[in-house]
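Topology and contacts: notes
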Amino acid sequence: MNDCVNGSSEDEFYIVAFSMSFFKQLALFLVLLIIYLMVVLGNLTIIFLVCLVSKLHTPMYFFLCNLAIIDITSTSTCVPKLLMILLTQDHRISFPCCITQMFFYILSTSGEIFLLTAMAYDRYVAVCKPLLYYTIMRKNVYFVMAASTWILSTLNSLPHTIHASTLQFCISHDINNFYCDLNTVIELSSTDVTSQKMFMLLEAMTIAFVQFLLTIVSYIFIISAILKISSSAGRMKAFSSCTSHLITVILFYGPCMFLYLKPQSDDSKEQDMLLSMLYLLVVPMLNPLVYSLRNKEVWEGFVTLLKD
């Protein structure tokens, strides 16, 4: 291996992951494997239900289907490699694999941000303009919204990964994380990354903050409209149509905000990895449960599919 990693296929990084005994790593492997299978099976179930049950061919469930795809992508990008590390103790990852992992992780993360905003707008129209809902949220409209989510996410991920692939790593190849996180990788670089760090900060403000703000504004209008409903039953019905998405927003933004806004230190690296794992595994596992447990349409669709 060369002294400096330059992106050639023979170069490698070393994923440090977790420092623990073999038996603890084996226990962690079993727990992660079970959760990962639940993530994949739960989200695949949502995808199949939305595709096969005509009753679920609505904008809300179309967006939910895209969310399930994103959850499977984000989890499958990082977790299988971690499982292999825990099982085989082989911590090596090639430079192209690391860059590929980074690309799909950034794509899925930014994709979820854009998609949650689109879903918030869908709920805004459903509650605030119910009579115009199917006029505004026509099929071509929500198809374009979903396609824009994937296109913008790809365009967001490409510059980061292309720039990372041109960096040199002369000091260390040890990634102090359980996947190829962009921040962790560029910290290892012997190249000047000041401009990329500035770009990342600007991107975080213009994408994450703006999309979060748009989601909050949507819910301000939604709550205002719900409070104007005279009957308590009507208020409960309107609010129940938004609770699943609201819980998903909290589950997504909660760990992210705590992870990126808290003070960084060397002692908190393992805590940061656990929080990242919470975002990568627990949130995608809970999303199908949140939508299935709180929406009788999903259960009815499941029953219909079994009868057919």
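The following refers to the structure shown.

Cut-offs used in this document
Residues numbered from 1 in each chain as written. Predicted model: local features only at pLDDT ≥ 70, side-chain atom pairs only at ≥ 80, totals over all residues. Heavy atoms only, no water. Core = buried A, V, L, I, M, F, W, Y, C linked by side-chain atoms within 4.5 Å. Buried < 20%, exposed > 50% of the residue type's maximum accessible area, 1.4 Å probe, protein only. Helix = DSSP H or I, 4+ residues; strand = E, 2+ residues; numbered from the N terminus. Contact = heavy atoms within 4.5 Å. Salt bridge = Lys/Arg side-chain N within 4 Å of Asp/Glu carboxyl O. Axes fitted to C-alpha atoms, helices over the stretch in contact; angles between N-to-C directions. Parallel < 35°, antiparallel > 145°, perpendicular 65-115°, else oblique. Left-handed = near helix turned anticlockwise from the far one by under 90°. Nonpolar A, V, L, I, M, F, W, Y, C, P; charged D, E, K, R; others polar. Phe/Tyr/Trp six-rings, centres within 6.5 Å; stacked < 30°, edge-to-face > 60°.

1. Brief notes about the nonpolar core
Membership of the largest hydrophobic core comes to 86 residues, with the highest contact counts inside it found for Leu32, Phe63, Phe178 and Leu281. Here this core gets 16 residues from one element, more than from any other, and that element is helix α3 (residues 95–128). For phenylalanine 63, the residues in contact, after removing those within four places along its chain, are Leu115, Ala118, Met119, Asp122, Met137, Tyr142, Met145 and Ala146.

2. Points about the pattern of salt bridges
Charged atoms that come close allow side chains of opposite charge to pair. Tallied over the entire structure, the rule returns two salt bridges. The partner of aspartate 90 in a salt bridge is arginine 92, and the shortest N-O contact between them spans 3.0 Å. Arginine 123 is the salt-bridge partner of aspartate 122, the closest N and O atoms lying 2.9 Å from each other. Judged by its relative accessible area of 1%, aspartate 122 is buried. Residue arginine 123 is classed as buried on the basis of its relative accessible area of 8%.

3. Concerning the environment of leucine 251
Turning to its location among the elements, leucine 251 is positioned in helix α8 (residues 232–261). Once residues within four sequence positions are removed from consideration, leucine 251 is found in contact with Val283, Leu286, Asn287 and Val290.

4. Notes on the packing of α3 against helix α7 (residues 194–227)
Packing of α3 against α7 brings their axes to within 9 Å, and their N-to-C directions diverge by 15°. In terms of orientation, α3 lies roughly parallel with respect to α7. Regarding α3 and α7, the two cross each other, and that crossing is left-handed. Here α3 contributes Ile113, Phe114, Leu116, Thr117, Ala120, Tyr121, Arg123, Tyr124, Val127 and Cys128 to the contact with α7, which in turn contributes Ile207, Ala208, Gln211, Leu214, Thr215, Ser218, Tyr219, Phe221, Ile222, Ala225 and Ile226. By residue class, the composition of the contact of α3 with α7 is 16 nonpolar, four polar and one charged.

5. Observations regarding the packing of aromatic side chains
As enumerated under the stated definition, the model contains 16 aromatic pairs in all. Judged by centre distance (4.7 Å) and plane angle (15°), the rings of phenylalanine 62 and phenylalanine 143 are stacked. Placement of the pair is phenylalanine 62 in helix α2 (residues 59–88) and phenylalanine 143 in helix α5 (residues 139–165), with a sequence separation of 81 residues. Note on phenylalanine 103 and phenylalanine 104: the rings are 5.1 Å apart at their centroids and 80° apart in plane angle, and the pair reads as edge-to-face. By relative accessible area, phenylalanine 103 is classed as buried at 15%. Within the aromatic cluster, the residues linked to one another by ring pairs are Phe62, Phe63, Tyr142 and Phe143.

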